[in-house]
Amino acid sequence: MEKTAEFYFGLFKKAGVIIWKQKVLWIFGVFAGLIGSGTLFGTGIKGIHLFKWIHQWTKDLLISSEPFLFLKHLPFFPSLFHPLPIEGVFLFILLFSLFLFLVSLISQASLILGIKNGSNSLSFLWKKGLPFFVPLFEIQLFTKLPILILFFTTIPFLLLLELSINPQRLLILFVLLSGFFLMVFIFELIGLFSTFFAIEENLSPPQAFHKSVLFLKKHTLATLEFALIIFLISLIAGLGLILIIFLISIPFLLGFFLWSFSSPEISTFIIFLWILIEIILTLIAAGFFTSYCYASWKLFLVDMNKPSFLSKLFISLFYRKKST
């Protein structure tokens, strides 16, 4: 019987080989990551941030008659959109978000098809992914709509709790946020599995959703274990990216300070080049890691289909206790 470390090392190594050989998938990974990178715990944390944002929006609506006041809480709003009408900014952001959502869904399908079928051209995978837009949209609706409903049903309780803070209400707040995090994790996981089943087995969204629920019930511990490992890998990868960007930033910062007094034009160009390199590195890292996570989940789902599959952590703990 394989040991836990050996099993996961082989799986993640194989996923890395697949993605490294098919670099065209990194492009789809950049856009697919806008929906979900495959790090389910990371998605839950993003959900917490979105929760706080909607919470602030709700408070703004209660104290102001301006419906789009929440846009001013965006970090880029004051510098980029301040002179423009806030309603026009909202319409632009909405349309642009819908466009990115469309591209992300098709990219998600193209990414999974590329992992399944091997290396193909960018245009070929894009055309293959186009027909899956409608079923993937329905899957997103099935999984994201309950989360949005959960957002807006939980926020009134938070507003009431804020009126008077005490230990009992803090405990209730902790339970609410924990429950929210858990629900986001479950629905994101079901959505991810449903996407794979809909594309690879050509199932309808309800069929894929049903199969995902059954698989999750059968392999709950293994899935939680695998999601935790991917999340830890993402943390390490994120720290590594931050370190690389920091090391690259040192010569640019030195150049900026050296030229800032004698030549403002050169110092401005240095900062522009520095930002451009950081953006490129971030996009490459995001495309690779999203593709890597999808390939890892794909290989994990293959093992889930094996009748003898059990959580490797469960097996190691069970046999350790039995031996003692």
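Note that the structure is a prediction, hence the values are computed from the model and not measured.

About the thresholds
- Residues numbered from 1 in each chain as written.
- Predicted model: local features only at pLDDT ≥ 70, side-chain atom pairs only at ≥ 80, totals over all residues.
- Heavy atoms only, no water.
- Helix = DSSP H or I, 4+ residues; strand = E, 2+ residues; numbered from the N terminus.
- Buried < 20%, exposed > 50% of the residue type's maximum accessible area, 1.4 Å probe, protein only.
- Contact = heavy atoms within 4.5 Å.
- Areas by Shrake-Rupley, 256 points an atom, 1.4 Å probe, with all protein chains shown as cover.
- Expected span 1.5 Å × (residues − 1).
- Bend = angle between axes of the 7 residues up to and from the residue.
- Phe/Tyr/Trp six-rings, centres within 6.5 Å; stacked < 30°, edge-to-face > 60°.
- Lys NZ or Arg CZ within 6 Å of the ring centre and 35° of its normal.
- Patch = residues over 30% accessible without salt bridge, like charges linked within 9 Å, V, L, I, M, F, W, Y side chains within 5 Å.
- Salt bridge = Lys/Arg side-chain N within 4 Å of Asp/Glu carboxyl O.
- Arc of directions from axis to C-beta.

Engineer: Tell me about the overall build of the protein, and name the residues and values.
Structural biologist: Assigned secondary structure in the protein consists of twelve helices and zero strands. If you list the helices and strands of the protein from N to C, you get α-α-α-α-α-α-α-α-α-α-α-α. Buried positions account for 40% of the 324 residues belonging to the protein. Restricting to contacts in the protein with at least 6 residues of sequence separation, those with at least 24 account for 75%. Accessible surface computed for the protein: about 18600 Å², of which carbon and sulfur atoms make up 77%.

Engineer: How would you summarise helix H10 (residues 220-259) if you had to cite specific residues and measurements?
Structural biologist: Every α-helix carries 3.6 residues per turn, so stepping three or four residues along brings you back to the same face. The end-to-end C-alpha distance of H10, which contains 40 residues, comes to 58 Å, matching closely the 58 Å that a straight helix rising 1.5 Å per residue would cover. Along its length, H10 reaches its greatest deviation from straightness, about 30°, at Ser-249, and the proline Pro-251 lies no more than four positions downstream.

Engineer: Explain the packing of aromatic side chains residue by residue, including any values.
Structural biologist: With the rule as written, the count across this model stands at 17 aromatic pairs. Ring geometry for Phe-193 against Trp-297: centres 5.6 Å apart, planes inclined by 70°, an arrangement best described as edge-to-face. With Phe-193 in helix H8 (residues 167-200) and Trp-297 in helix H11 (residues 264-304), this pair connects stretches of sequence that are 104 residues apart. A residue is classified by how much of its surface remains accessible, and Trp-297, at 0% relative accessible area, is buried. Relative to Trp-297, the ring of Phe-226 has its centre 4.9 Å away and its plane inclined at 70°; by these criteria the two rings are edge-to-face. Here the residue Phe-226 occupies a position in helix H10, and Trp-297 occupies one in helix H11, the gap between them amounting to 71 residues. With respect to burial, Phe-226 and Trp-297 carry one shared label: buried. Its guanidinium or amino end placed over the ring of Trp-20, Lys-23 lies 4.2 Å from that ring's centre, counting from NZ or CZ.

Engineer: Got a sec to walk through a nonpolar patch on the surface? Specific residues and values, please.
Structural biologist: On the surface, a cluster of nonpolar side chains totalling about 530 Å² of accessible area is made up of Phe-137, Leu-141, Leu-145, Leu-148, Ile-149 and Phe-152. Along the chain, Leu-141 turns up in helix H7 (residues 133-162).

Engineer: Describe helix H9 (residues 205-218), with residues and values.
Structural biologist: Counted at 1.5 Å a residue, the expected span for H9 with its 14 residues is 20 Å, and the 20 Å between its end C-alpha atoms agrees. Within H9 the residues assigned to the buried category are Pro-205, Ala-208, Ser-212, Phe-215 and Leu-216. The buried side chains of H9 occupy one side of the element, clustering within an arc of 100° when seen end-on. Turned more than 90 degrees off the buried face of H9, the exposed positions are His-210, Lys-217 and Lys-218.

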